[in-house]
Amino acid sequence: MKENSLDMQKPTTTAATEAEAGRLLGDQPPVAEEEWKPPQVSKLGAWLRFLRIKFARLVLLPNFTFDQAYDLREAVRKDGRLTRGYILMCALSAGIAALGLLQSSTAVVIGAMLISPLMSPIAALGFGFASIDGHRIKDAARVVAIGAGIGIMTGVLITWLSPIRNATPEILARTQPTLLDLAVALFSGIAGGYATVIGKGGTAIGVAIATALMPPLAVLGYGIGVLQIRFALGALLLFLTNLAAITFAFALVARLAGVARPLFKVEWTPRYIAAFALVFLLLATPLSMTLLKLSREAAIRTAATSAIRQACGKDATIAQIDVSTPLFEEPSVDALVIAPGYTTNAASDAEARLKSALGREVRINLQQVMAADWQSRTRAMVDAAMERTAAGIAADVPPIDRVRQSIGLPTRSLWSDRAQRLVYVEPVPAPGWTLADYRAIETASRMDDDVKWTVRIVPPPQAQLTVALGDPALAPEGAVTPQLAVWALRRWGMSRVTIEGRRTEAQAGLLGALANIGVEASFLASTSQAEDDSTSDEDGDEETPPPVARLRIYPPSPSQEAAAAAARREAEAAAAQASEAAER
């Protein structure tokens with residue numbers, strides 16, 4: 001490979017350079033004319049070099065001589081060459097990464113990074129940018145592009161050969177860049193540049209760099225393989241963003257360490273300048289797009305947080321909030337709010353406030369979790385965090401909007417049981433509606449198989465239920481079947497009920513059904529029951545009405561129990577007085 005003639009001119013001494021810098025700063029006398037020295041520089045340039053050396057020492061970067069810097073640049077260039085081993089390792093690494101992504105195995109994806117060779121050409125690319133060397137930038141970019149192409153084609157091939165092509169959480173996590181992804185790439189690039197400069201830890205740092213680059217390439221191949229353009233473009237943007245951040249981080253470290261070629265030795269030929277500008281634009285454009293996207297998401301997050309708090313009240317706590325801005329879709333916000341009570345129409349109210357603040361439509365998917373005290377709130381926040389860890393970034397929130405649409409009734413409260421994937425809805429009492437109507441609505445509100453959430457309607461509670469124990473057609477008006485009574489008691493969460501009258505054989509089926517759902521039944525003789533028994537004894541020839549059981553849902557209140565106890569004490573006192581009077 002033909003080298004730049006100016007960069008091949010190795011200096012013969014380094015003491016003259018340090019002396020010249022010192023002379024320009026007024027610290028040392030001038031050096032002899034026969035010694036090698038760079039061209040005359042201004043005092044500003046000398047001060048900048050002095051500050052660079054001081055900062056490099058502060059961040060533990062070695063101070064390279066001109067000979068050492070030249071040798072390191074040559075070593076980086078040779079390591080970043082295109083070889084058959086580089087092609088083979090790129091294919092193997094991409095294949096393992098694609099398999100790990102398809103089976104959603106983080107361990108397999110990390111294992112693929114151990115054999116990825118992407119660090120060497122990226123280091124050469126970063127050093128080329130630091131030196132403004134269009135020739136080396138062109139060569140390094142070609143090697144990186146070949147490796148990326150191999151990774152994409154391997155991902156496509158693995159996807160076609162795999163019998164399972166489901167979009168796993170590991171794949172979805174790499175379909176759009178986030179601020180954390182950009183930070184990982186930037187820190188990986190700084191660590192890679194530092195490891196290259198000091199000559200230690202290159203393998204471990206290479207794993208971090210490959211983690212930021214090889215999985216997006218595999219996801220890009222997956223998107224092409226399943227013809228999902230949104231996945232492919234998102235993964236491509238993530239790859240280019242990470243590549244730009246890592247490359248520029250390498251260039252920054254190389255320039256701070258003094259490893260880059262001095263600017264006075266840059267060859268300003270049109271061909272090399274064009275190569276430098278082209279590669280720079282290819283890397284800077286997606287990076288700027290990602291930064292704009294992240295800035296827009298930050299603005300939406302801030303406005304959404306304020307809107308949700310205003311909609312849900314000052315006592316509400318936003319436990320989780322995620323902002324998504326897909327390439328071809330409207331932005332959306334997924335939020336989890338923990339509050340003492342349920343706020344009706346909070347999502348639509350927050351959407352209206354957010355539209356007023358941003359001037360654009362933003363869909364809000366709001367989940368409310370009710371927690372009265374701080375201990376319950378803390379437990380709810382921990383549960384939400386654990387569920388996010390288990391499911392990755394895949395949203396696992398109940399379909400609140402679809403539930404409301406399927407019910408078609410005003411709701412008083414709504415809550416969810418994520419462990420059993422149940423959505424409980426308590427509608428506002430509807431005039432003329434019976435328990436059978438509410439159960440019919442629950443049956444009609446079943447979600448599709450892809451939703452996997454079940455709706456539970458909690459009907460308005462009633463003080464008493466009349467249960468028909470025989471033929472329902474002969475039962476009095478308002479009586480319900482034992483099955484409907486059991487359904488209502490389960491929705492109300494009852495553990496005890498009171499049955500008026502005495503135990504009869506006709507009640508055996510009802511008592512067995514109550515015992516199966518854990519409801520304890522007790523019997524209470526009433527005046528009406530005694531009157532009915534005496535009437536039936538006197539009029540034995542009349543037709544006996546069908547048997548029914550009257551269930552008291554509410555137990556006696558404390559005030560009622562206190563009044564009953566006082567009445568018993570008065571009756572006992574009156575009986576005692578009557579007994580004393582009789583004895584006299």
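Residues numbered from 1 in each chain as written. Predicted model: local features only at pLDDT ≥ 70, side-chain atom pairs only at ≥ 80, totals over all residues. Heavy atoms only, no water.

Caption draft 1: Fine view of the overall build of the chain. Helix and strand content of the chain: 20 helices and 10 strands. The burial tally for the chain puts 42% of its 584 residues in the buried class. A separation threshold of at least 6 residues defines the contact pool for the chain, and within that pool the share at least 24 residues apart is 73%. (Helix = DSSP H or I, 4+ residues; strand = E, 2+ residues; numbered from the N terminus. Buried < 20%, exposed > 50% of the residue type's maximum accessible area, 1.4 Å probe, protein only. Contact = heavy atoms within 4.5 Å.)

Caption draft 2: The pairing of strand E8 (residues 496-500), seen in detail. The element E8 is extensively covered by neighbouring structure, given that four of its five residues are classed as buried. Inspection of the sheet shows E8 paired to strand E9 (residues 520-524) by five bridges, in the parallel sense. Across the sheet, the residue bridging to Arg496 is Glu520, located in E9. For the handedness criterion, the β-α-β arrangement of E8, helix H18 (residues 508-516) and E9 is classed as right-handed. (Pairing = 2+ DSSP bridges. Right-handed = clockwise from strand over helix to strand, strands pointing away.)

Caption draft 3: Broad picture of the nonpolar core. If you look at the biggest cluster of nonpolar residues, it comprises 63 residues, and the most contacted ones within it are Ile122, Leu213, Ile246 and Phe250. Apart from residues no more than four positions distant in its own chain, Leu213 is found in contact with Leu118, Ile122, Phe239, Asn242, Leu243 and Ile246. Among the nonpolar cores identified, the runner-up in size contains 36 residues, and Val455, Ile457, Leu484 and Ala488 belong to it. (Core = buried A, V, L, I, M, F, W, Y, C linked by side-chain atoms within 4.5 Å.)

Caption draft 4: Representation of helix H13 (residues 346-358) within the structure. Under the 1.5 Å per step criterion, the end-to-end length of H13 is 18 Å for 13 residues, consistent within 8% with the ideal 18 Å. Those residues of H13 not exposed but buried are Ala346, Ala347, Ala350 and Leu354. For H13, the angular spread of the buried residues around the axis is 90 degrees, confining them to a single face. (Expected span 1.5 Å × (residues − 1). Arc of directions from axis to C-beta.)

Caption draft 5: A look at a nonpolar patch on the surface. Taken together, the side chains of Leu157, Trp160 and Leu161 make up a nonpolar region of the molecular surface, amounting to roughly 370 Å² of accessible area. One can find Trp160 in helix H7 (residues 134-161). (Patch = residues over 30% accessible without salt bridge, like charges linked within 9 Å, V, L, I, M, F, W, Y side chains within 5 Å. Areas by Shrake-Rupley, 256 points an atom, 1.4 Å probe, with all protein chains shown as cover. Salt bridge = Lys/Arg side-chain N within 4 Å of Asp/Glu carboxyl O.)

Caption draft 6: Broad picture of the sheet that holds strand E10 (residues 548-552). Reading across from one edge, E7-E10-E8-E9 is the order of the four strands in this open sheet, with mixed pairing throughout. One side of each edge strand has no neighbouring strand; the edge strands of this open sheet are strand E7 (464-468) and E9. Within the sheet, the average angular offset between the axes of one strand and its neighbour, ignoring direction, is 30 degrees. Across two bridges, the pairing between E8 and E10 is antiparallel. Paired with Ile499 across the strands is Leu551, a residue of E10. Together, E7, E8 and E10 form the strand contacts of helix H17 (residues 482-492), whose direction differs from that of E7 by roughly 150 degrees. (Axes fitted to C-alpha atoms, helices over the stretch in contact; angles between N-to-C directions.)

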